[in-house]
Amino acid sequence: MKLSVLIVNRNACALLRQSLNSIVNACKSIDYELFIVDNASSDRSLEMLDKEFPDAHVIANNSDLGIAKANNQALRLANGEYILLVNADTICGKDTVEKMCSFMDEHTDAGGLSIRMLTPEGRFLPESVHGLTKPWLAFFKIIGFEKYFSKTRLYNRNRKDWVEEFQIAEVDILNQACMLLRRSVLNETGFFDERFFMHGHNIDLSYRIRLTGFKNYYFPKTYIINYDSQNMAKFSWTYVKYFYGAMFIFAAKYLFKLPEIKVDGMSQLFPSSYEIK
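Everything numeric in this text was worked out from a predicted model, so none of it was measured.

Examining the overall build of the protein chain
Thought 1: Counting its regular elements, the protein chain contains 10 helices and 10 strands.
Thought 2: Scored against the burial criterion, the 277 residues of the protein chain give a buried share of 54%.
Thought 3: Counted over contacts in the protein chain with a minimum sequence separation of 6, partners at least 24 positions apart contribute 78%.
Thought 4: For the protein chain, the computed accessible surface area is about 12800 Å², with 53% contributed by carbon and sulfur atoms.

As structure tokens, this is what we get:
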């Protein structure tokens, strides 16, 4: 099988419907499978999926397990050569998926790929390229990791090799809203670290992809529309806990050698907290 598409959803029923319709349309010429992991939605998302997308594999969690753990649930079941992870609030262009897969086919050194993101109004989102926000940038400077993310566009704004909107380039970080991953590389790096609940899981995985000797790329020859509906208030306790908590986990993992966790094995493949359709 060429492709496995994975979406984690929590109370985004209307946007999820739009996202899935765009993905189904974009995958018409591709051998693919579709997984939706629902983190205890209360907005009738499951009913919509059962009625409108009966061929999709739905994992229904009884609680919000976070993005990393939910993605891992589907990754354990996915069979595709490539894994496409997209947010429930994104819309693909009609040739987006085909172009992404073709790029990966042609670039065997690519472990992962991100693409150009636009707002619903058509404005370019610069996080398509650098994948990091300024707080993460400051954090990496503080802990001495700046040298490991030298391709991040937020560094040294006078550099001549800056990545522009329509320039294909190697990047440090894959954007979590849309990532195409090579399954064989995931088998080397391992899946997402489940200690990252909502933030940082893409940064950690992107870093591990590069440690294995593969590259992350930014590919602007196609696009997705990103509604960014899950952007919570930056001064809320939930945001502080998960956003800055992710930085603490990253520092503990790489500076203080926090032990790796194992996220495979039969005991975690079918836990009682979710059901598979």
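Anyway, onward from the coordinates.
Thoughts on the pairing of strand β8 (residues 178–182)
Successive side chains on a regular strand alternate, one facing one side of the sheet and the next facing the other.
Thought 1: Of all five residues in β8, five are buried, a share of seventy percent or more.
Thought 2: On β8, burial covers both faces: Cys178, Leu180 and Arg182 on one face and Met179 and Leu181 on the other are all buried.
Thought 3: Where strand β4 (residues 82–86) meets β8, five bridges bridge the pair, whose relative direction is antiparallel. Residue pairing across strands places Val86 opposite Cys178, the latter belonging to β8.
Thought 4: Across two bridges, the pairing between strand β6 (residues 110–118) and β8 is antiparallel.

Quick notes on the confidence of the model for the protein chain
Thought 1: Averaged over every residue, the pLDDT of the protein chain is 85; the share at 70 or more is 83%.
Thought 2: Of the regions scoring below 50 in pLDDT, residues 265–277 engages in 33 contacts with residues more than four places distant in sequence or in other chains.

Observations concerning the pattern of salt bridges
Thought 1: Applying the stated criterion across every chain yields a total of 13 salt bridges.
Thought 2: Between Asp64 and Arg10 there is a salt bridge, with the nearest N and O atoms lying 3.5 Å from each other. Linking Asp64 in the loop between β3 (57–61) and α3 (67–75) with Arg10 in the loop between β1 (3–9) and α1 (13–26), this pair joins segments that are 54 residues apart in sequence.
Thought 3: Taking the relative accessible area as the measure of exposure, Asp64 reaches 31% and is therefore partly exposed.

Some points on the nonpolar core
Thought 1: If you look at the biggest cluster of nonpolar residues, it comprises 39 residues, and the most contacted ones within it are Leu3, Leu84, Val97 and Leu180.
Thought 2: Excluding residues that lie within four positions of it along the chain, Leu180 makes contacts with Leu3, Tyr82, Ile83, Leu84, Met100, Cys101, Met104, Gly111, Gly112 and Leu113.
Thought 3: By size, the runner-up hydrophobic cluster in this structure holds 22 residues, among which are Ala68, Ala74, Ala78 and Leu205.

Brief notes about the packing of α1 against helix α2 (residues 45–52)
Thought 1: At their nearest, the axes of α1 and α2 sit 9 Å apart, and the two run at 30° to each other. Comparing their axes, α2 and α1 come out roughly parallel. Taken as a pair, α1 and α2 cross one another with a handedness that is right-handed. Facing Cys13, Leu16, Arg17 and Leu20 of α1, the residues of α2 in contact are Ser45, Met48, Leu49 and Glu52.
Thought 2: Grouping the amino acids of the contact of α1 with α2 by side-chain chemistry returns five nonpolar, one polar and two charged.

A few points about the packing of aromatic side chains
Thought 1: All told, the structure shown has five aromatic pairs when counted by the stated rule.
Thought 2: Plain terms: the ring middles of Tyr207 and Tyr254 are 5.0 Å apart, the flat faces sit at 90° to each other, and that makes the pair edge-to-face. Of this pair, Tyr207 sits in helix α8 (residues 201–211) while Tyr254 sits in helix α9 (residues 237–254), placing them 47 residues apart in sequence.
Thought 3: With relative accessibility at 9%, the residue Tyr207 sits in the buried group.
Thought 4: Judged by its relative accessible area of 15%, Tyr254 is buried.
Thought 5: Following the ring pairs from residue to residue traces out a cluster consisting of Phe103, Tyr217 and Phe219.

Considerations on the side chain of Asn175
Thought 1: Here Asn175 is to be found in the loop between β7 (169–171) and β8.
Thought 2: Among the polar contacts listed, one links the side chain of Asn175 to the backbone nitrogen of Ala177, at a separation of 2.9 Å.

Reading the values: the criteria
Residues numbered from 1 in each chain as written. Predicted model: local features only at pLDDT ≥ 70, side-chain atom pairs only at ≥ 80, totals over all residues. Heavy atoms only, no water. Helix = DSSP H or I, 4+ residues; strand = E, 2+ residues; numbered from the N terminus. Buried < 20%, exposed > 50% of the residue type's maximum accessible area, 1.4 Å probe, protein only. Contact = heavy atoms within 4.5 Å. Areas by Shrake-Rupley, 256 points an atom, 1.4 Å probe, with all protein chains shown as cover. Pairing = 2+ DSSP bridges. pLDDT = per-residue confidence, 0-100. Salt bridge = Lys/Arg side-chain N within 4 Å of Asp/Glu carboxyl O. Core = buried A, V, L, I, M, F, W, Y, C linked by side-chain atoms within 4.5 Å. Axes fitted to C-alpha atoms, helices over the stretch in contact; angles between N-to-C directions. Parallel < 35°, antiparallel > 145°, perpendicular 65-115°, else oblique. Left-handed = near helix turned anticlockwise from the far one by under 90°. Nonpolar A, V, L, I, M, F, W, Y, C, P; charged D, E, K, R; others polar. Phe/Tyr/Trp six-rings, centres within 6.5 Å; stacked < 30°, edge-to-face > 60°. Polar contact = N/O pair within 3.5 Å; in protein donor to acceptor, adjacent residues only side chain to side chain.

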